[in-house]
Amino acid sequence: MPQVFRLRCSLPTATGDTIQLAHGGGGRMMHSLIERLFLPAFSNSYLEARHDSAVVRIGNDRIAFTTDTYVVSPLFFPGGDIGKLAVYGTVNDLAMAGARPLYLSAGFILEEGLPLETLEAIVRSMREAAGIAGVELVAGDTKVVDRGKGDGVFINTAGIGLVAPEVDISPARVAPGDAILLSGDVGRHGITIMSLREGLGFETPLQSDCASLWPLIAALLEARIEIHCLRDLTRGGLASTLNEIATDAGVGISIDEAAVPKCEAVAAACEILGLDPLYVANEGRFAAFIAPRDASRAIEILKAHETTASIIGTVGNRGPGLVDAKGPFGHSRILDLLSGEQMPRIC
Ligand code: MG
């Protein structure tokens, strides 16, 4: 089993209780921080929407705005590196609001002693990823911290994108009856990082799925698929994403585990490492909640883009906040939010 590091400290909240800050504290800790600290402190309708990006109106335009910070270890891995992740991760959060990604900023926190060639390789990778994603990096910042006070490099990116007038995608639109689509197989990013750390090798080399999701979303929007909500499956994997949506939209979710695609290497590594693939991180996959009449057409569109997309479940009206998965032998299990993180420093 992977080691879960816990660096503890307690954080008092407005309600007078405390949240344990733990490195590797997982989905529950993040959820507590958001619900009990950040939301009460900064309360506004944009945060309350609990979306991957805030969608703000400026004049007649709707602008999606988001930010994310990247601390992945190691910095380079098969299929990507921290720079590529920092571009695509933020581009994907914009795409999940149905926004065409346009501009990024990047803030670099560099540890004294970081080899210049390492930083150059990361910057080259970011430039290439930005070109592929069709975004420009238009603002930036660099800070250097003392040796031992960082871990090579951390990167923050923020991004803005434009939401077309007819697009209305948010957790609030998820409704009973919605079909849940998964854009491809799960677990590649998390298992790639974990196998590097654990020194595992595979017969078929495994790569991170790190990629821009905008082309897939643009194709769905262009075909006028009625998309209610989108969410990229990052840290905490498919199970955590479905939990967030079930809670935020106040709905129950049922999925069929057999319909969730996994490649052989991911399935085998999960068995060896004792990991549940539904909780393993991805960097190029999303779940879409769509009107059931558009489900099969949406699958056709995604498959035309060489994905292994599938319909994995439906939204119900029983058990708001609950996610259940029907297993291969017909039994059901509840997919809960993780209380500990399977893999810290995954993105
Ligand atoms: Mg996201």
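What counts as what
- Residues numbered from 1 in each chain as written.
- Predicted model: local features only at pLDDT ≥ 70, side-chain atom pairs only at ≥ 80, totals over all residues.
- Heavy atoms only, no water.
- Helix = DSSP H or I, 4+ residues; strand = E, 2+ residues; numbered from the N terminus.
- Rg over C-alpha atoms; globule rule 2.2 N^0.38 Å.
- Buried < 20%, exposed > 50% of the residue type's maximum accessible area, 1.4 Å probe, protein only.
- Arc of directions from axis to C-beta.
- Contact = heavy atoms within 4.5 Å.
- Donors = N, O, S within 2.8 Å, 3.2 Å for Na, K, Ca; no water.
- Axes fitted to C-alpha atoms, helices over the stretch in contact; angles between N-to-C directions.
- Parallel < 35°, antiparallel > 145°, perpendicular 65-115°, else oblique.
- Left-handed = near helix turned anticlockwise from the far one by under 90°.
- Nonpolar A, V, L, I, M, F, W, Y, C, P; charged D, E, K, R; others polar.
- Pairing = 2+ DSSP bridges.
- Expected span 1.5 Å × (residues − 1).
- Domains from an automatic or database assignment.
- Buried area = accessible area lost by both parts, 1.4 Å probe.
- Salt bridge = Lys/Arg side-chain N within 4 Å of Asp/Glu carboxyl O.
- Polar contact = N/O pair within 3.5 Å; in protein donor to acceptor, adjacent residues only side chain to side chain.

1. Quick look at the overall build of the protein chain
In step 1: Regarding its fold elements, the protein chain presents nine helices and 16 strands.
In step 2: By the compact-globule yardstick of 20 Å for 347 residues, the protein chain fits well, its C-alpha radius of gyration being 20 Å.
In step 3: Here the C-alpha coordinates of the protein chain stretch approximately 55 × 55 × 50 Å along the principal axes.
In step 4: Split into buried and exposed, the 347 residues of the protein chain put 50% on the buried side.

2. Some points on helix 9 (residues 295-304)
In step 1: Listed as buried for helix 9 are Ala 295, Ala 298, Ile 299, Ile 301 and Leu 302. One side of helix 9 holds all its buried residues, which, seen down the axis, span an arc of 160°. Exposed residues on helix 9 whose side chains face more than 90 degrees from its buried face are Glu 300 and Ala 304.
In step 2: Buried positions along helix 9 lie against strand 10 (179-182), helix 6 (214-222), strand 13 (286-290) and strand 14 (310-316).
In step 3: Positive phi appears at Glu 306, one or two residues downstream of helix 9, with a value of about 55°.

3. Thoughts on the coordination of the magnesium ion
In step 1: Protein coordination of the magnesium ion is provided by Asp 93 (OD) and Asp 232 (OD), with donor distances spanning 2.1 Å. Of this pair, Asp 93 sits in helix 3 (residues 82-95) while Asp 232 sits in strand 11 (residues 227-232); the two residues are 139 residues apart in sequence, bridging distant segments of the chain.
In step 2: Residue Asp 93 is classed as buried on the basis of its relative accessible area of 8%.
In step 3: A residue is classified by how much of its surface remains accessible, and Asp 232, at 7% relative accessible area, is buried.

4. A closer look at the packing of helix 3 against helix 4 (residues 116-133)
In step 1: At a closest axis distance of 7 Å, the pairing of helix 3 and helix 4 adopts a crossing angle of 30°. With respect to their mutual orientation, helix 3 and helix 4 come out roughly parallel. Relative to helix 4, helix 3 is oriented so that their crossing is right-handed. Residues Ile 82, Gly 83, Lys 84, Ala 86, Val 87, Tyr 88 and Val 91 of helix 3 lie in contact with helix 4, whose contacting residues are Ile 122, Ser 125, Met 126, Ala 129, Ala 130, Ile 132 and Ala 133.
In step 2: Broken down by class, the residue content of the contact of helix 3 with helix 4 amounts to eleven nonpolar, two polar and one charged.

5. A closer look at the sheet that holds strand 3 (residues 54-58)
In step 1: Strand order in the open sheet formed by five strands is 3-4-9-7-8, with mixed pairing between adjacent strands. Each end of this open sheet is capped by a strand with a single partner; those strands are strand 3 and strand 8 (136-145). Put simply, the sheet's adjacent strands are angled 20° from each other on average, direction ignored.
In step 2: Two strands pair when backbone bridges link them, and strand 3 and strand 4 (residues 61-70) are joined in this way by five bridges, in the antiparallel orientation. Across the sheet, residue Ile 58 finds its bridge partner in strand 4, namely Asp 61.

6. Observations concerning helix 3
Because the α-helix completes a turn every 3.6 residues, residues three or four places apart line up on one side.
In step 1: With 14 residues, helix 3 ought to run about 20 Å at 1.5 Å a step, and its terminal C-alpha atoms sit 20 Å apart, in line with that.
In step 2: With 13 of its 14 residues buried, helix 3 lies for the most part within the structure.

7. Here's the deal with the domain arrangement of the protein chain
In step 1: Domain annotation for the protein chain reports domain 1 (3-163) and domain 2 (171-334).
In step 2: Distance between the C-alpha centres of domain 1 and domain 2: 21 Å.
In step 3: Between domain 1 and domain 2, the residue contacts involve 27 residues of the former and 24 residues of the latter.
In step 4: Both sides of the domain 1 and domain 2 interface together cover about 2,100 Å² of buried area, and 63% of this is carbon and sulfur.
In step 5: Sorting the residues of domain 1 by area buried against domain 2 places Pro 78, Asn 92 and Met 96 first, and these three jointly supply 26% of that buried surface.
In step 6: Connecting domain 1 to domain 2 are two salt bridges.
In step 7: The partner of Asp 248 in a salt bridge is Arg 50, with the nearest N and O atoms 3.5 Å apart.
In step 8: There are five residue pairs in polar contact (both at pLDDT 80 or more) connecting domain 1 and domain 2.
In step 9: For the side of domain 1 that touches domain 2, the secondary-structure elements that each account for two or more residues are helix 1 (26-42), strand 5 (76-77), helix 3 and strand 7 (99-111).

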